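Listed below, chain by chain, are the residues.
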Amino acid sequence: MPDVNAELLDLARSIALEAGELVRSRREEGVEVAATKTAPEDIVTAADRESENLIRGRIAAARPDDGFFGEESEATAGKSGLTWIVDPIDGTVNYLYGIPDYAVSIAVVEGDPDPNTWRALAAAVVKPATGEVFTASAGGGAYLGTSRLQVATGKQLSLALVGTGFSYDSRRRGLQAEAVSGLIPRVRDIRRIGSAALDLCSVAAGRLDAYYEKGLKPWDHAGGAFVASEAGAKVTGLHGVPASRALTIAAEPGLWAQLEPILDELGVVDR
Ligand code: IPD
Ligand code: CA
Ligand code: CA
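Residues numbered from 1 in each chain as written. Chains lettered and ligands numbered in written order. Predicted model: local features only at pLDDT ≥ 70, side-chain atom pairs only at ≥ 80, totals over all residues. Heavy atoms only, no water.

### Some details on the nonpolar core
Under the convention used in this document: Definition used in this section: a nonpolar core is a set of buried Ala, Val, Leu, Ile, Met, Phe, Trp, Tyr and Cys residues joined via side-chain atoms within 4.5 Å. Per-residue accessibility, obtained with a 1.4 Å probe over protein chains only, is compared with the maximum for each type, and a residue is labelled buried under 20%, exposed over 50%, and partly exposed between these values. Where helices and strands are cited, they refer to DSSP runs of H or I of at least four residues and of E of at least two residues respectively, numbered from the N terminus. In what follows, a contact means two residues having at least one pair of non-hydrogen atoms within 4.5 Å.
By size, the foremost hydrophobic cluster in this structure holds 37 residues, and its most contacted members are Ile85, Val125, Phe134, Leu149, Val203, Val227 and Val235. Taken together, the elements giving at least two residues each to this core come down to β5 (103-110), β6 (119-127), β7 (132-137), β8 (141-144), α5 (196-205) and α6 (218-230). Considering each element in turn, this core owes the most residues, seven residues, to α5. In contact with Phe134, not counting residues within four places along its chain, are Ala123, Ala124, Val125, Tyr143, Leu144, Leu149, Leu198, Cys201, Ala205, Arg207 and Val227. Grouped together as the second largest cluster of nonpolar side chains are 29 residues, Val23, Leu54, Leu82 and Tyr95 included.

See below:
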């Protein structure tokens, strides 16, 4: 019997690599802001749109019955019960500034395209600037290239390097900074890398010990959260509910248990 998840993963990987190459070459040609979205800080470039068009077209050609839910175009429902969740460039501000931490993230999920209920089947997160490819498939584990990823156990929170991100909304960003100021004395240090997809893959790869962020959209976390969970991280919201816009926390389960009550105490979901 064909391994459907492996086939979905092959497709996600090859499309993410093609889109990653497109985005990387456009970056070399120079980048300008094409439009702003929720705030002047929340930008879209021509390359975001071009990348999403390419991904959307490739998926439609290969899997015409599947749904599509991407950041830069209208969602369409499918007939197969599967939906592709796409961030054509995650880390667009880094992309604009020439910082290499941006990614193409493609995940395919079963069920409604709602992080509270979906079941991820396969995902690929490509970092075009370095050529790194993070992948995961349900039951098949997580990989960086051909290396299997497994989060390490036994980390104390006081020695944990914790990633986070901030809202494009300036008022909310200020509140989030207040929460970070409560956390930073209790951990090794904080990183704000600027791509949720890469933050989550970094937890999988041991480049961060933990990550949390409020306000993520489904396409920000779908791919990276699945890579992290297939690497053995616990990826949830507060109190273990599914990761969603309210909050996403990712860490090895023992570290998650140290971090989650502190995030609760600091009121991160209210900020
Ligand atoms: C953003 C990045 C950023 C995170 C924001 C996201 P975008 O996605 O993932 O790290 O802090 O919440 O919106 O706008 O670059 O696709
Ligand atoms: Ca994003
Ligand atoms: Ca994006």
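### Digging into the domain arrangement of the protein chain
Just so we agree on the cut-off: Each domain's extent is set by a domain assignment, obtained either automatically or from a database. Buried surface area refers to the total accessible area, computed with a probe of radius 1.4 Å, that the two partners give up upon joining, counted for both partners together. Within this document, salt bridges are pairs made up of a side-chain nitrogen of Lys or Arg and a carboxyl oxygen of Asp or Glu, the two lying within 4 Å of each other. In protein, a polar contact requires one atom able to donate a hydrogen and another able to accept it; more generally it is a pair of N or O atoms within 3.5 Å, and residues adjacent in sequence count only if both atoms are side-chain atoms.
Partitioning the protein chain into domains gives domain 1 (4-149) and domain 2 (157-266). Each of domain 1 and domain 2 has a C-alpha centre, and the two are 20 Å apart. Contacts between the two partners involve 40 residues from domain 1, matched on the other side by 27 residues from domain 2. Where domain 1 abuts domain 2, roughly 2,600 Å² becomes buried across the two surfaces, and 67% of that area is made up of carbon and sulfur atoms. There are two salt bridges connecting domain 1 and domain 2. Between Glu41 and Arg173 there is a salt bridge, and its shortest N-O distance comes to 3.4 Å. Taken together, the links from domain 1 to domain 2 amount to eight residue pairs in polar contact (both at pLDDT 80 or more). Those elements that provide at least two residues to the side of domain 1 that touches domain 2 are β3 (67-70), β4 (82-90), α3 (92-97), β5, β6, β7 and β8. It is β6 that contributes the most residues to the side of domain 1 that touches domain 2, six residues altogether.

### Things to note about the coordination of the calcium ion (ligand 2)
Under ideal tetrahedral coordination, the four donors around a metal are separated by 109.5 degrees; under ideal octahedral coordination, the six donors are separated by 90 or 180 degrees. For clarity, the threshold we go by: Note: metal donors comprise N, O and S atoms at 2.8 Å or less from the metal (3.2 Å for Na, K and Ca); water molecules are not included, so apparent gaps in a site are possible.
Ligation of the calcium ion (ligand 2) by protein atoms is provided by Asp87 (OD), Asp90 (OD) and Asp220 (OD), these donors lying 2.1 to 2.2 Å from the ion. Motif for the calcium ion (ligand 2), donor spacing along one chain: D-x2-D-x129-D. Using a relative accessible area of 13% as the deciding quantity, one classes Asp220 as buried.

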